[in-house]
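What follows is the residue order along each chain.
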Amino acid sequence: MQKIKNYINGELIAPASGEYLDNYNPAEGKVYSYTPDSNEEDVKAAVGSARSVFQEWSTMPVRQRADLMLRIADLIDRDHEKLALAESVDNGKPLKLAKRVDIPRASANMRFYATGILHFASESHQMDQEAINYTLRKPIGVAGCISPWNLPLYLFTWKIAPALAAGNTVVAKPSEITPMTAYLFSELCIEAGLPAGVLNIVHGMGGKAGQAIVAHPDVPVISFTGGTATGRQIALTTAPMFKKLSLELGGKNPNIIFADCDFEEALHTSIHSSFANQGEICLCGSRIFVEETIYDKFRDEFVNKVKNLTVGDPLEEGTKVGAVVSEAHRDKILSYIQLAQEEGGQILTGGAQVTVPGRCEQGHFIAPTVIEGLDAQCRTNQEEIFGPVVTLMPFRQEEEVIDYANSTAYGLSATIWTGNLKRAHRVADQLKSGIIWVNCWLLRDLRTPFGGMKQSGLGREGGWEAMRFFTESKNVCIKM
Ligand code: TXE
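Residues numbered from 1 in each chain as written. Predicted model: local features only at pLDDT ≥ 70, side-chain atom pairs only at ≥ 80, totals over all residues. Heavy atoms only, no water.

Novice: Please clarify how the overall build of the protein chain should be interpreted in this entry.
Specialist: Helix and strand content of the protein chain: 16 helices and 25 strands. The C-alpha radius of gyration of the protein chain comes to 23 Å, within 12% of the 23 Å expected for a compact globule of 480 residues. The principal-axis extents of the C-alpha atoms in the protein chain amount to approximately 65 × 65 × 40 Å. For the protein chain, the proportion of its 480 residues judged to be buried stands at 59%. Restricting the contact set of the protein chain to residue pairs at least 6 apart, pairs at least 24 apart contribute 74%. Approximately 18900 Å² of the protein chain is accessible, and the part contributed by carbon and sulfur atoms is 52%. Distance from the positive charge centre (47 side chains) to the negative charge centre (56 side chains) of the protein chain: 4 Å. (Helix = DSSP H or I, 4+ residues; strand = E, 2+ residues; numbered from the N terminus. Rg over C-alpha atoms; globule rule 2.2 N^0.38 Å. Buried < 20%, exposed > 50% of the residue type's maximum accessible area, 1.4 Å probe, protein only. Contact = heavy atoms within 4.5 Å. Areas by Shrake-Rupley, 256 points an atom, 1.4 Å probe, with all protein chains shown as cover. Lys, Arg positive; Asp, Glu negative; His and termini not counted. Charge placed at Lys NZ, Arg CZ, Asp CG, Glu CD.)

See the structure below:
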C-alpha cells in the first residue's frame with residue numbers, strides 16, 4: 001500500500017520516526033494508504049529549510065514568484081482528473097463535486113494570488129509641504145498553514161497561495177484524515193521547479209505535528225482553518241508568543257426564507273446549501289428559517305426533494321450525497337440526530353446511517369436528514385453538527401428571525417431569500433455573520449474579505465486581506 005511522504009527541503013521523505021498512520025477511504029471504510037506520523041523533529045527540519053530559503057524567495061522578483069505559482073496551477077489543471085479522484089477517495093465526496101469545485105478552485109486559488117501579487121500596492125500620505133509618508137508591506141518569514149479535511153486541496157491552497165505570493169516561505173500541515181491531494185500537490189511543486197524549502201508539507205496529527213508548527217519560535221505567523229475548539233487551543237499557544245494568527249473556524253449558519261422570495265430558486269438552492277459535500281462545508285446553511293405563511297409548502301416540497309437525493313458510491317455519476325469523512329465523524333453526526341429527538345425534534349426524512357451495497361458496504365453514509373419542531377435555543381440548533389443534517393423552523397416577524405439567526409456563538413455566513421430589496425439590505429445589516437448571501441449561496445468573489453465573527457473566526461482571508469495578513473507593514477516618514 002502507498003506510503004505518503006513529507007515534502008521537506010524540496011524532497012519527498014519518510015517521517016523521522018518511521019511511523020505511519022492509517023489513511024482510510026471513507027466510502028469503503030478501509031485503509032488504503034499510510035500517512036507520515038510526523039513529530040517535532042520533522043517540523044524542525046521543515047522550519048530550518050523554510051528559513052534557509054526565505055531570503056532568496058522574499059527577494060525574488062514578483063514576476064518570477066508569480067510564474068512559478070502559475071506553473072503549479074497549470075499542472076493542477078493538467079492533472080485535474082487524477083486530483084479529483086484522489087480527493088473523492090480520500091474525503092468520500094462525490095467525484096463529480098471534486099471535479100466541479102474542489103480541484104478547479106485549487107487552481108484558481110494559485111492563479112488568483114500569483115497574479116494578485118503583481119498588482120499589490122500600498123499607500124503614501126503627504127503632510128502638507130512638511131513631510132511625506134510611505135507604507136512598505138514586507139513578507140514576515142516562515143508561515144505555518146494548517147488546513148482541515150472537508151475541502152482538502154481547496155482550503156490547503158487557499159492558505160498557502162497568499163503566503164507564498166507575499167514572499168513568505170511555508171510549513172504546511174494538511175489534515176491527517178485527508179492527506180492525499182496535498183501529497184500529490186507536493187509532487188507538482190517539484191515538477192514545477194519550486195525552489196527547495198519554499199514550501200514544506202509535514203503530514204501528521206494535529207496535536208503532534210500541528211502543535212509543533214504552531215509552537216515553533218521561528219514560525220511568526222499562523223493561518224488555521226478548522227474547528228473552533230482547535231482554534232482556541234492554537235490561540236492559547238500563539239498569544240504569549242505574539243504570533244500573527246488567522247482563524248477560520250466553525251459555523252451554524254442561518255438560511256432565512258421570506259414569503260416574498262423566488263420560491264423555486266430558494267427551494268433548489270437550499271437543497272445544495274444544506275447537503276453539498278455531505279453538509280461538511282462550514283458555510284452550509286444548517287438552520288433553515290421559513291416565514292410562517294409558506295412554511296408548510298416549503299417544508300413539504302423541501303422534504304420531498306431531499307428524499308430523492310441519491311446517497312451512494314461517490315464514484316458513481318448519479319451520487320448526490322457521498323460518504324461522511326470518517327467512522328468517528330459519522331458517529332458524531334448520528335449522536336446529534338439522537339440528541340435532536342431527545343430535545344423534541346421530529347425527523348421528517350433521513351435520520352440514520354445508510355448501507356450502500358457493493359464495494360461501499362463498509363462505508364460511512366448518512367441519509368440527508370431534516371428535523372422540525374425544535375426550539376431555537378436547543379443544543380441541536382446551537383452546536384455545529386457538520387454533516388447532512390438541517391433543522392426547519394417557522395417564523396412570523398423579521399425581528400424574530402434575526403434574533404434566532406444571531407442567537408448562536410457562531411457568526412460565519414448567512415443566506416437571505418427575499419424579493420424585497422430594502423428588506424434584504426435591512427436584514428443583512430443586522431445579521432452577525434462575516435459572509436451574507438442574498439438570493440444565492442456560495443457565490444464567491446476571491447477579492448472579498450472572507451471570515452467569520454464571534455467564535456467563527458479571527459481575521460480575514462481572501463483578496464488583499466490575505467496578502468496584508470501575510471505581510472507586516474512599516475511606515476517611513478521623510479521631511480520634505
Ligand atoms: O477540524 P480540526 P476538522 C471547521 C468546520 C468543523 C471543522 C472540521 O466547521 O468545525 O473545521 O474540520 C489540525 N495544533 N471548518 O475536524 O480537528 C488538524 O490536524 C495544531 C471551518 O479537521 O480542528 C487538521 O489539520 N493543529 C472552516 C486541522 O487542525 C491542530 C472551513 C483541522 O482540524 C491541532 C472548514 C493543534 N492542537 C472547516 N489539533 C472555515 N470557517 O472556513 C488539530 N489540528
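Novice: Is there a simple way to explain the environment of Ser-335 in this structure?
Specialist: Inspection of the secondary structure puts Ser-335 in helix α12 (residues 327-342). Separated by 19 residues in the primary sequence, Ser-335 and Val-354 have C-alpha atoms spaced 15 Å apart.

Novice: Help me understand helix α15 (residues 421-430) in this model?
Specialist: In an α-helix, one full turn covers 3.6 residues, which means residues spaced three or four apart are oriented alike. Every buried residue of α15 is accounted for by Arg-423, Ala-424 and Val-427. Down the axis of α15, the smallest arc covering the buried residues is 100°, so these residues share one side. Pointing more than 90 degrees away from the buried face of α15 are the exposed residues Leu-421, Lys-422, His-425 and Asp-429. For α15, the secondary structure elements touched by its buried residues are α14 (398-405), β21 (413-417) and β22 (435-438). Sitting at the amino-terminal end of α15 is Asn-420, which places a side-chain oxygen 2.9 Å from the backbone nitrogen of Lys-422. (Arc of directions from axis to C-beta. Polar contact = N/O pair within 3.5 Å; in protein donor to acceptor, adjacent residues only side chain to side chain.)

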